[in-house]
Amino acid sequence: MKQNYINGQFVEGVTARDNINPSDTAEIVGVYTQANAQQTREAINVADKASGGWAQSTPQQRFDVLDCIGTELLARKAELGELLAREEGKTLAEGIGETARAGQIFKFFAGEALRLSGDKLASVRPGVEIEVVREALGVIGIITPWNFPIAIPAWKIAPAICYGNAIVFKPADLVPGCGWALADIISRSGLPEGVFNLVMGRGSVVGEEILTNHKVKGVTFTGSVATGQHVAATCAGRMAKFQLEMGGKNPLIVLDDANLDIAVETAVQGAFFSTGQRCTASSRLIVAEGVHDQFVAAVIKRLEGLNIDNALTDGVHIGPVVDENQLAQDMDYIRIGQEEGAKLAFGGEQLERSTKGFYLSPALFTESNNSMRINREEIFGPVASVIRVSGYDEALAVANDTEFGLSSGICTTSLKYASDFKRNAKAGMAMVNLPTAGVDYHVPFGGSKGSSYGSREQGRYAAEFFTTVKTAYILP
């Protein structure tokens, strides 16, 4: 049984949970212990004691730790990518790619540790000097989702270490394997005892203790809108810093002048790969009427050629939905879309394969409008809807008509429309002739409106959350 990691030691929790392979429900990927509130408090207490020492560590110490973690992740990307595919359902290629990205994130923040800087300013008062520096926040609670079980923990843990914080990390209860593997690697990195702690378990138990404990100075969370709102209310109530990445209902505009091949591949990749289980997925395909019918026919032809099967099968394009509950939610929305009057033009059927799993054919709706629930609510599965529009102005208005604002895309060969879209898309990320899903690890990530709250993740912008600014005045 895989154990929690507290104060430099692997320790058993109070209960255990089987980690089930969604591609083959007969396979138990592993058995993982679960913490209770008391054990979580213990992890928070040791992190609090260790935080002061790590905050005083040198840039070289931080570099060495982060570089060591990144090196092992990259060396073991095939092995860990297979683990990811087995527990979450991403294809093997996607699992390996995500693990490599995690390694690159740690390598990036290793470099950032050597580039820590501040400002020295002249005062308006004669003879007075001013220094502005960034200091560690303290104990950081990290709560991550199941859809990117190694990349999202990496882009939270790496900057927390880089900027001198101590960590209490709760991975998603559904997919603890990658979180545990990351903790195992960190245990060999040279990080002092207590600086990093892993507590696996239920959000209502482990997560709640992280949210309410006054020794936790900041909480960074990625997950559902409802849980994010609870995180915000709880942290605000005790004046703790918090950072939220939540849902998306991301639009992809396809104009009449778009390169059709690029538009089709952009839509299919963004909407359906990773089984559509990405907060950046293109769930609304907003298509100009001049190319609408041709685009829909080409997308259906592309979907007909996709192989949906066990995540470890050679040549598979899309693996299973992550679990039975998510599959039921996807099927409910497919039913809702039909009841609302949208046409199910392709897919939306449960599939049987040689291994029993949660397989669903990609679902494409046409004849939908932006007021339908399937175009207002995040489904988080391989389900996308086509919305017909007259042209660019209507397309942009429909794209922005959503409570979310994470990622927004357009396919066009017009510099005029591309430039206008970049300025006026109401989202944190704007993509031109690229899928709404898929971002680099060294630049900021995040959205607007109901998708995100707080400072950006990734890249140098991560310092905004993981540090606090101190201004010092000196009269020599």
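Higher on the page you've got the structure.
Residues numbered from 1 in each chain as written. Predicted model: local features only at pLDDT ≥ 70, side-chain atom pairs only at ≥ 80, totals over all residues. Heavy atoms only, no water.

Concerning empty space enclosed by the protein
Under the defined criterion, the tally for this structure stands at 4 cavities of 30 Å³ or more. Empty space within the largest cavity amounts to approximately 80 Å³. Forming the boundary of the largest cavity are 13 residues, of which Ala 281, Ser 283, Glu 378, Ile 379 and Phe 380 lie nearest the centre. Taken together, the residues that form the lining of the largest cavity break down as 5 nonpolar, 5 polar and 3 charged. Looking at side-chain class alone, the lining of the second largest cavity contains 5 nonpolar, 6 polar and 2 charged residues. (1 Å grid on protein atoms, 1.4 Å probe; cavity = no way out; pocket = protein on both sides within 12 Å on 5 of 7 lines; lining within 4 Å. Points joined across faces, edges and corners; volume = space filled by probe spheres on them. Nonpolar A, V, L, I, M, F, W, Y, C, P; charged D, E, K, R; others polar.)

Section: the sheet that holds strand β13 (residues 282-288)
One open sheet accounts for 7 strands, arranged β14-β17-β18-β13-β12-β20-β21; its pairing is mixed. Sheet topology places β14 (343-346) and β21 (429-432) at the edges, where each strand pairs with a single neighbour. On average, each strand axis in the sheet is tilted by 25° relative to the strand beside it, whichever way the strands run. In the sheet, strand β20 (residues 407-411) pairs with β21 via 4 bridges, with the strands oriented parallel. Across the sheet, residue Ser 408 finds its bridge partner in β21, namely Ala 430. Along the sheet, helix α11 (residues 324-340) makes contact with β14, β17 (363-368) and β18 (383-389), crossing β17 at roughly 20°. (Pairing = 2+ DSSP bridges. Helix = DSSP H or I, 4+ residues; strand = E, 2+ residues; numbered from the N terminus. Axes fitted to C-alpha atoms, helices over the stretch in contact; angles between N-to-C directions. Contact = heavy atoms within 4.5 Å.)

Concerning the environment of Ile 150
With respect to the secondary-structure elements, Ile 150 resides in the loop between β7 (139-143) and α5 (151-162). On the basis of relative accessible area, Ile 150 is assigned to the buried category, the value being 1%. Once the C-alpha coordinates of Ile 150 and Thr 402 are considered, the two residues, 252 residues apart in sequence, prove to be 29 Å apart. With sequence-adjacent residues up to four places away left out, Ile 150 is seen in contact with Leu 73, Leu 84, Glu 98, Thr 99, Ala 102 and Cys 178. (Buried < 20%, exposed > 50% of the residue type's maximum accessible area, 1.4 Å probe, protein only.)

Considerations on the sheet that holds strand β24 (residues 467-474)
With antiparallel pairing, 3 strands are arranged side by side in an open sheet as β5-β6-β24. Across the chains shown, the open sheet's two edge strands, defined by having one partner strand only, are β5 (119-122) and β24. The average angle at which neighbouring strand axes cross in this sheet is 25°, direction not considered.

Shape is all these values report; function is a separate question.
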